[in-house]
Amino acid sequence: MREKPYTERDGKIYAVVNYTDSKGVRRQIWRKAESKTDARNLARDLKDQLRNGTEQFEHTLTLDQYLDKWFAHIKGKRAEKTIEGYELIIRLYIKPFLGRKQLSKIKPLDVQGMVDELEASFSPKTVREANNLLARALKQAIKWRLITTNPARDVELPIKVQKEMKCFTPEEAQKFLEEASKDKYGLMFELALLTGMRPSEYFALQWTDLDFQKNTVTIQRALYRHNHGGNWAFKEPKTLQSRRTIPLPRYLTQELADYKRHQAEERLKMGAKWQNYNVVFASSNGNPLSRRNIEKRHFKPILVKAELPDIRLYDLRHTCATLLLADGENIKVVSERLGHADAAMVLRVYGHVLKGMQQGATDRIEAIVRRK
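Described in the following lines is the structure provided in the data block. Only a predicted model underlies this, so the values are computations on that prediction, with no experimental measurement involved. (Residues numbered from 1 in each chain as written. Predicted model: local features only at pLDDT ≥ 70, side-chain atom pairs only at ≥ 80, totals over all residues. Heavy atoms only, no water.)

**Regarding helix α1 (residues 36-51)**
Taking 1.5 Å of rise per residue, 16 residues should cover 22 Å, and α1 covers 23 Å from first to last C-alpha, within 8% of that figure. Looking only at α1, the buried set comprises Ala-39, Ala-43, Leu-46 and Leu-50. All buried residues of α1 fall inside an arc of 65 degrees around its axis, so they share one side. In this structure, the buried residues of α1 make contact with β1 (6-9), β2 (12-20) and β3 (26-33). (Helix = DSSP H or I, 4+ residues; strand = E, 2+ residues; numbered from the N terminus. Expected span 1.5 Å × (residues − 1). Buried < 20%, exposed > 50% of the residue type's maximum accessible area, 1.4 Å probe, protein only. Arc of directions from axis to C-beta. Contact = heavy atoms within 4.5 Å.)

What follows is the structure, encoded as structure tokens:
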């Protein structure tokens, strides 16, 4: 006798599917349906899932419990900074909305509900990051045969808003460097603007990274600070391409040599109190610098004194790239200077600059083809 795909009880309709679990025990799956047709469709979907294995119907893990297991699995396989970011997103944006729900019963509509609630209070970027991380975690759940589909893949996300990038004009850059020259860390700011290095890279620079004969600086590490406790560590650069050597102007190399001699004098005065990490730009006791302190106590005051736009410390990197591109520098050269994985990244981030150069390109091609 053909198995009936639904049953009616207390005025309600349920899809019902019988199956034998991995231990040989006969079981039933019940799902509430809106109609008999809906029940038939649900039953058919359940049977399709059962063909891929019965494990997802045999566990009672909540999303909370599953995410803890997934997090323990990936913890030693990701950078520490990445793990801290994951932990924050899971704790603040995922668990409060879906944590208590049984993993195998989470549907796209449930995830959409989380996304919609987050969107009411947080930026599109935050909402997208939360959903993307959930999707990544649930992808592993499919591999572990705990679920058969990924409900976080079928939701409507807020439109990604591109933040307006801020940077100096050539005139503003000159004003900045003039005012920065009066600051204790002015040389560091000048190096940042001229090379396009990330703050984490020039905070991690050591004297052995400078070649005073060849006038170059080599990026070989980055400074990483923990979100909790303020501890720090040196780590590998962001990408393979981040390991790079950048030529320096001769005058800047000479200023760095003078700065090194000055630092040696400070180290002698401090004696045993000096922490010898050999970093180029150090605090008063030789420790690596704190980005937050540098930005608040040195960088921002320079902007105020020079009457310049309020930009971030990281925007010195954007300024370097923008000024080079606007002056006609090759995209590949700029990409290598910044340590991007590929030139396409430059096109995505600085496309607005390249659009502004189209008139110049038009003028040049006209001069070439109409030359007498």
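Let's pick the thread back up.
**Things to note about the nonpolar core**
Counting residues in each nonpolar core, the largest one holds 38 residues, and the members touching the most others are Phe-168, Phe-176, Met-188, Phe-189 and Leu-316. Among the elements that make up this core, the one with the highest residue count is helix α7 (residues 186-195) (six residues). Among residues more than four places away in sequence, those in contact with Phe-168 are Ala-173, Phe-176, Leu-193, Leu-303, Leu-308, Pro-309, Ile-311, Leu-316, Thr-319 and Leu-323. Ranked by size, the runner-up nonpolar core spans 32 residues in total, among them Leu-67, Ile-83, Tyr-93 and Ile-106. (Core = buried A, V, L, I, M, F, W, Y, C linked by side-chain atoms within 4.5 Å.)

**Comments concerning the pattern of salt bridges**
Under the definition given, this model contains 14 salt bridges. The structure contains a network of salt bridges with shared partners spanning Arg-198, Glu-201 and Arg-244. (Salt bridge = Lys/Arg side-chain N within 4 Å of Asp/Glu carboxyl O.)

**So, the environment of Leu-187**
Positionally, Leu-187 belongs in helix α7. Put simply, Leu-187 and Glu-255 are 68 residues apart on the chain and 7.8 Å apart in space, counted from C-alpha to C-alpha. Those residues within four positions of Leu-187 in sequence are excluded, and the remaining contacts are Leu-252, Glu-255, Leu-256, Tyr-259 and Phe-281.

**Quick look at the sheet that holds strand β8 (residues 244-247)**
A sheet is described by the order of its strands in space; here three strands give the open sequence β4-β5-β8, paired in antiparallel fashion. Each of the sheet's edge strands pairs with one partner strand only, and the pair in question is β4 (210-211) and β8. Of the strand pairs in this sheet, strand β5 (residues 216-219) and β8 are connected by four bridges, and their pairing is antiparallel. If you follow Ile-219 over to β8, its bridge partner there is Arg-244. (Pairing = 2+ DSSP bridges.)

**So, a positive patch on the surface**
A grouping of Lys-77, Arg-78, Arg-136, Lys-139, Lys-143 and Arg-153 is seen on the molecular surface, where their side chains present a positively charged patch. Of note, Arg-153 is situated in the loop between α5 (124-143) and α6 (170-180). Residue classification places Arg-153 among the exposed positions, given a relative accessible area of 53%. (Patch = residues over 30% accessible without salt bridge, like charges linked within 9 Å, V, L, I, M, F, W, Y side chains within 5 Å. Areas by Shrake-Rupley, 256 points an atom, 1.4 Å probe, with all protein chains shown as cover. Lys, Arg positive; Asp, Glu negative; His and termini not counted. Charge placed at Lys NZ, Arg CZ, Asp CG, Glu CD.)

**So, the packing of aromatic side chains**
Taken as a whole and assessed by the stated rule, the structure comprises 12 aromatic pairs. Measuring from ring centre to ring centre gives 5.0 Å for Tyr-93 and Phe-122, while their planes differ by 70 degrees; the resulting arrangement is edge-to-face. Separated by 29 residues along the polypeptide, Tyr-93 in helix α3 (residues 80-98) and Phe-122 in the loop between α4 (108-119) and α5 bring together distant segments of the chain. Residue classification places Phe-122 among the partly exposed residues on the basis of a relative accessible area of 37%. Consider the rings of Trp-207 and Tyr-259, whose centres lie 6.5 Å apart with planes at 40 degrees: the pair is tilted. Of this pair, Trp-207 sits in the loop between α8 (199-202) and β4 while Tyr-259 sits in helix α9 (residues 250-270), and the two are 52 residues apart along the sequence. (Phe/Tyr/Trp six-rings, centres within 6.5 Å; stacked < 30°, edge-to-face > 60°.)

**Description of the sheet that holds β1**
The antiparallel open sheet is built from three strands, whose spatial order is β1-β2-β3. Of all strands in the sheet, those bounded by a partner on one side alone are β1 and β3. The sheet shows a mean angle of 35 degrees between the axes of neighbouring strands, taken without regard to direction. Strand direction decides the pairing type here: β2 and β3, joined by eight bridges, are antiparallel. Residue pairing in the sheet places Tyr-19 in a bridge with Arg-27 of β3. Packing of α1 onto the sheet brings it into contact with β1, β2 and β3, and relative to β2 it is tilted by some 20 degrees. (Axes fitted to C-alpha atoms, helices over the stretch in contact; angles between N-to-C directions.)

**A closer look at a negative patch on the surface**
Taken together, Asp-116, Glu-117, Glu-119 and Glu-156 make up a surface patch of like negative charges. On the secondary structure map, Glu-156 appears in the loop between α5 and α6. Judged by its relative accessible area of 64%, Glu-156 falls in the exposed class.

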